[in-house]
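As a plain string of letters, each chain reads:
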Amino acid sequence: MKPSAISADVLFEDHRATLRWQWIAGLGARERRFDEVAVSAARSSADLVGYLNYIHPYRVQILGEREVAYLSNGSAADGARRISRIVTLEPPVLVLCDGLTVPDALVSLCERAQIPLFATQDSAAFVIDVLRAYLSKHFADRTTMHGVFMDILGLGVLITGESGLGKSELGLELISRGNGLVADDAVDLYRINQTTIEGRCPELLQNLLEVRGIGLLDIRAIFGEAAVRRRMRLRLIVHLVRRETMERDYERMPYEPLTQEVLGISIQKAVIQVVAGRNIAVLVEAAVRNHILQLRGVDTYQEFVERHRRAMEKGGD
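No experiment lies behind these values; they were computed from the predicted model shown.

A. Up close: the overall build of the protein. Helices and strands together make up the secondary structure of the protein, namely 12 helices and 16 strands. For a compact globule of 317 residues, the expected C-alpha radius of gyration is about 20 Å, and the protein comes in at 26 Å, more than 25% above that figure. Each principal axis of the C-alpha atoms in the protein carries an extent, and together these give about 85 × 60 × 30 Å. Per-residue burial for the protein yields a buried fraction of 44% across its 317 residues. Intrachain contacts of the protein at a sequence separation of at least 6 include 71% that bridge at least 24 residues. Carbon and sulfur atoms form 49% of the exposed surface of the protein, whose accessible area is close to 16900 Å². Looking at charge distribution, the protein has the averaged site of its 39 positive side-chain charges lying 2 Å from that of its 41 negative ones.

Okay, structure coming up:
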């Protein structure tokens, strides 16, 4: 899913309380947007915000003490040339930081070119941190997957599987065992950097879990605040399958860990066969504990292979 464009007006309103900034010039450009050109030209959050001395097209430009000094020092002709250069690079927004006085020439230019100019008392470094985090999430690649997304033993785990296998009922049992619900049925996934995917619940479905025969359950109201999470990083996919699918498509003991690509990132995957009498909640927690061991460098399968090799060598001797 392509990220949506964002207007200068939305950017200003979303940070009015945080950055306590004022709109100094370019008020007629409220609908000036970060469009798809800006996003494709600058894919990472670091590329969307920058100091003026590193100016590139389409970036929000931050003006601190050094930048204002650069624009103000020198002859009037030098200042006019440096300021006019900003227009040619089409920044969607300029932000003046550190409570500095706005150069009159910059205000005039922003009014003529209809470039929004904001001013804040906060430091340039703080403004950059806030806007980078905001823009990286807004412009993150995103998708929606069907399943139950949970916090299990501190890890973000997406439970997927064939229809009718009881994913939501499994989620309910895991919640009763002290784990937390992020989202049921539809999970919004965002690639927030090169290695991290964050999962969140659509606003319409927050705190809700559907159980067949009972209907919608408000998990927060039933189990308390500690039973729900706003977001988690996706670390493991647990896929539920029927016996015939397991026998047809998967090895009983795969040599290499299974993975599934989500938004271009490989996520480790565990496959669990669902049959009558199995405690799937215990198996899911066991899969999560095993994944935690692997993250710590403990690979039980490889240790078994090494143990088997030593036994064979000893038998040969």
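B. Focus on the environment of aspartate 249. Position of aspartate 249 among the secondary structure elements: in helix α10 (residues 243-249). Among the polar contacts listed, one links the side chain of aspartate 249 to the side chain of arginine 248, at a separation of 3.2 Å.

C. Region of the structure containing the pairing of strand β13 (residues 215-218). Across four bridges, the pairing between strand β12 (residues 208-211) and β13 is antiparallel. Opposite glutamate 210, over in β13, you have leucine 216 as the bridge partner. Connecting β12 to the antiparallel partner β13 that follows it, the hairpin turn spans three residues, and glycine 213 within it adopts a positive phi of roughly 95°.

D. A nonpolar patch on the surface, seen in detail. A cluster of nonpolar side chains, Met253, Tyr255, Phe304 and Val305, forms an exposed patch at the surface whose accessible area comes to about 390 Å². With respect to the secondary-structure elements, methionine 253 resides in the loop between α10 and β15 (258-262). A residue is classified by how much of its surface remains accessible, and methionine 253, at 49% relative accessible area, is partly exposed.

E. Region of interest: the side chain of histidine 291. Its place among the elements puts histidine 291 in helix α11 (residues 280-295). Excluding its chain neighbours within four sequence positions, the residues that come into contact with histidine 291 are Leu155, Arg235, Leu236 and Gln268.

Analysis parameters
Residues numbered from 1 in each chain as written. Predicted model: local features only at pLDDT ≥ 70, side-chain atom pairs only at ≥ 80, totals over all residues. Heavy atoms only, no water. Helix = DSSP H or I, 4+ residues; strand = E, 2+ residues; numbered from the N terminus. Rg over C-alpha atoms; globule rule 2.2 N^0.38 Å. Buried < 20%, exposed > 50% of the residue type's maximum accessible area, 1.4 Å probe, protein only. Contact = heavy atoms within 4.5 Å. Areas by Shrake-Rupley, 256 points an atom, 1.4 Å probe, with all protein chains shown as cover. Lys, Arg positive; Asp, Glu negative; His and termini not counted. Charge placed at Lys NZ, Arg CZ, Asp CG, Glu CD. Polar contact = N/O pair within 3.5 Å; in protein donor to acceptor, adjacent residues only side chain to side chain. Pairing = 2+ DSSP bridges. Patch = residues over 30% accessible without salt bridge, like charges linked within 9 Å, V, L, I, M, F, W, Y side chains within 5 Å. Salt bridge = Lys/Arg side-chain N within 4 Å of Asp/Glu carboxyl O.

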